[in-house]
Amino acid sequence: MSLNLKTHTEHFTNPLYLESGRILEPYDITYETYGELNDDKSNVIVICHALTGSHHCAGIYENENKAGWWDGLIGSGKAIDTDKYFVICTNVIGSCFGSSGPMSPKVPHHEPYRYKFPVVTIKDMVKAQRILFDRLDIHRVHAIIGGSMGGMQALQFAIHYPNFATKIISMAATHATQPWAIAFNKVAQESILKDPDFKQGYYDPEVIKEQGLSGMAVGRMAGHISFLSHESMRKKFGREYKRDDGLYELFGKFQVESYLEYNGYNFTKWFDPLAYLYITKAINLFDLSRGFDSLSEAMTKVTAELHLISFRNDQLFKNFEMKELSDTLTEVGNKNHHYIDVDSDYGHDAFLVELDKFQDYVSDVLK
Ligand SMILES: CC(=O)SCCNC(=O)CCNC(=O)[C@H](O)C(C)(C)COP(=O)(O)OP(=O)(O)OC[C@H]1O[C@@H](n2cnc3c(N)ncnc32)[C@H](O)[C@@H]1OP(=O)(O)O
Ligand SMILES: N[C@@H](CCO)C(=O)O
């Protein structure tokens, strides 16, 4: 069957009350759907994206050759089967792919918000999605699935909207962002802020897309180190040197250097620097226990069937962080959660790359 990919943007004029006490008003949410909604609306699956992801998680747009970021997992006959399920993925607020973010026009003068955009949290991102689903007249879903920051959103749904999803799968995430991950984000943030072409937030986005922003490129290189692992880099690149570069040229490159350079500079052509600052801030602030006396108290709210998936060699959100969450659920008497540690060397981005290692698990959970 056809994927039935549709992209939409909804405009909201009611205030969105944020965790910080600030208000976002008005705001837009861009989202994508795949498959068909059934008559009793019982076949909805929500997908939540990571730091630099977007609502485009499956299929290929006309005139493009790159598929959505979880295309291997979502589609006709795939683990998240769009012949059966109606899949929705929204772009989070604070991002740069259609939903309101720091470069969106601020009413009444319609100049971009830039630093005037409020800090948003993962809880705010989830709240905005919940408001969208209300508008779509969807009040309960079969499952919510996400990886990395998407996994954080899935967990936030589990404690703040416990009756919204029957099943929740959170992978490559944590219950609270740890200093190691905040440190990598700090390198990226500082590199962006200190780049003179960032112009203290008053850059021209078209110029950045054209010329790149070396600060952001360097920050993203640090990010890539945290998304891979010692083992996967060794497997991917070894000590291989770029063929055309002389070994004793100062700027001759190892393949790993070439990889970081390519992905760092390429990134600045498709992602907005202010959105990177805002979303990394949201990730840093993530702590499921905020607003509760403890993580244990937060976990007592969970009623959905909850699946926690870690990746053995994830260097960003270590596998034991998910185990801690699983142990806490057990301690508070939750009998409806499952934890698996996927045997993978790849590192954090295994949830994007090594689909074969967890797709059967996902499809079994959804049955
Ligand atoms: C989850 C979400 O919500 S979406 C976020 C997903 N997107 C990102 O993380 C953006 C960055 N992209 C990536 O890191 C990767 O493309 C992944 C993780 C998505 C996929 O990884 P892989 O399939 O293993 O791709 P790989 O890492 O080999 O290649 C990535 C790019 O580096 C390039 N590359 C690989 N090796 C080298 C090298 N030695 N020198 C230069 N470039 C290289 C590839 O050609 C590819 O380029 P392209 O993106 O223009 O096609
Ligand atoms: N590499 C992915 C996951 C990061 O957590 C991204 O950039 O969104």
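Quick notes on the rules
- Residues numbered from 1 in each chain as written.
- Chains lettered and ligands numbered in written order.
- Predicted model: local features only at pLDDT ≥ 70, side-chain atom pairs only at ≥ 80, totals over all residues.
- Heavy atoms only, no water.
- UniProt positions renumbered as here; feature names shortened; annotations may be inferred.
- pLDDT = per-residue confidence, 0-100.
- Near = heavy atom within 4 Å.
- Polar contact = N/O pair within 3.5 Å; in protein donor to acceptor, adjacent residues only side chain to side chain.
- Areas by Shrake-Rupley, 256 points an atom, 1.4 Å probe, with all protein chains shown as cover.
- 1 Å grid on protein atoms, 1.4 Å probe; cavity = no way out; pocket = protein on both sides within 12 Å on 5 of 7 lines; lining within 4 Å.
- Sits in = over half its atoms within 2 Å of the grid points.
- Helix = DSSP H or I, 4+ residues; strand = E, 2+ residues; numbered from the N terminus.
- Nonpolar A, V, L, I, M, F, W, Y, C, P; charged D, E, K, R; others polar.
- Patch = residues over 30% accessible without salt bridge, like charges linked within 9 Å, V, L, I, M, F, W, Y side chains within 5 Å.
- Salt bridge = Lys/Arg side-chain N within 4 Å of Asp/Glu carboxyl O.
- Points joined across faces, edges and corners; volume = space filled by probe spheres on them.
- Domains from an automatic or database assignment.
- Core = buried A, V, L, I, M, F, W, Y, C linked by side-chain atoms within 4.5 Å.
- Buried < 20%, exposed > 50% of the residue type's maximum accessible area, 1.4 Å probe, protein only.
- Contact = heavy atoms within 4.5 Å.

Per an unreviewed UniProt entry, the chain goes by Homoserine O-acetyltransferase and derives from Candidatus Sulfurimonas baltica. Taken verbatim from the UniProt record of the chain, the Subunit (unreviewed entry) comment is "Homodimer." In UniProt, the chain has this text filed under Sequence similarities (unreviewed entry): "Belongs to the AB hydrolase superfamily. MetX family."

Asker: Would you explain the confidence of the model for the chain in this entry?
Answerer: Do not read the fine detail of predicted coordinates wherever pLDDT is low. The predicted model of the chain averages 97 in pLDDT, with 100% of residues at 70 or higher. Confidence metrics for the complex model read pTM 0.98 and ipTM 0.96.

Asker: In this structure, what is going on with the site of ligand 2? I would like to understand it.
Answerer: All residues adjacent to ligand 2 are Ala50, Leu51, Thr52, Ser148, Arg220, Phe227, His348, Asp349, Phe351 and Leu352. Here an oxygen atom of ligand 2 and a side-chain polar atom of Thr52 are 2.7 Å apart. Isolated, ligand 2 exposes 260 Å² of accessible area, and the fraction of that covered by the protein chains is 94%. Of all the cavities here, the one that holds ligand 2 is the largest pocket. Of all the secondary structure elements, the ones that give two or more residues to the shell around ligand 2 are helix H5 (214-227) and helix H11 (350-353). Among the residues forming the shell around ligand 2, the class breakdown is five nonpolar, three polar and two charged.

Asker: Quick question: what am I supposed to make of a nonpolar patch on the surface here?
Answerer: Together, Tyr115, Leu193 and Tyr202 make up a nonpolar patch on the protein surface, roughly 310 Å² of accessible area in all. You can see Tyr115 is positioned in the loop between strand E10 (111-112) and helix H1 (122-135).

Asker: Is there a simple way to think about the layout of surface pockets in this case?
Answerer: Once rolled over the atoms, a probe with the size of a water molecule shows which space is left empty. As a volume, the largest pocket reaches approximately 1,400 Å³. Lining the largest pocket we find 47 residues, and of these Thr52, Lys66, Trp69, Arg220 and Trp270 sit closest to its centre. At the level of elements, helix H3 (179-193), H5, helix H7 (255-270), helix H8 (273-285) and H11 are the ones that each hand at least two residues to the lining of the largest pocket. Taken domain by domain, the lining of the largest pocket gets at least three of its residues from each of domain 1 (6-176 + 286-366) and domain 2 (183-281). Approximately 290 Å³ is the volume found for the second largest pocket. Counting residues per element, the ones that place at least two in the lining of the second largest pocket are helix H4 (205-211), H7 and H8. The residue inventory of the lining of the second largest pocket, partitioned by class, reads eleven nonpolar, six polar and three charged. Taken domain by domain, the makeup of the lining of the second largest pocket includes at least three residues from each of domain 1 (6-176 + 286-366) and domain 2 (183-281).

Asker: Could you clarify how one ought to interpret the nonpolar core in this entry?
Answerer: Proteins that are soluble and globular tend to have nonpolar side chains buried together. Of all hydrophobic cores here, the largest spans 72 residues; its most connected members are Ile144, Ile168 and Met299. For this core, the leading source of residues is H8, giving eight residues. Domain assignment of the residues forming this core places at least three in each of domain 1 (6-176 + 286-366) and domain 2 (183-281). Other than its neighbours up to four places away in sequence, Ile168 contacts Ile144, Ala154, Phe157, Ala158, Ala304, Glu305, Leu306 and His307.

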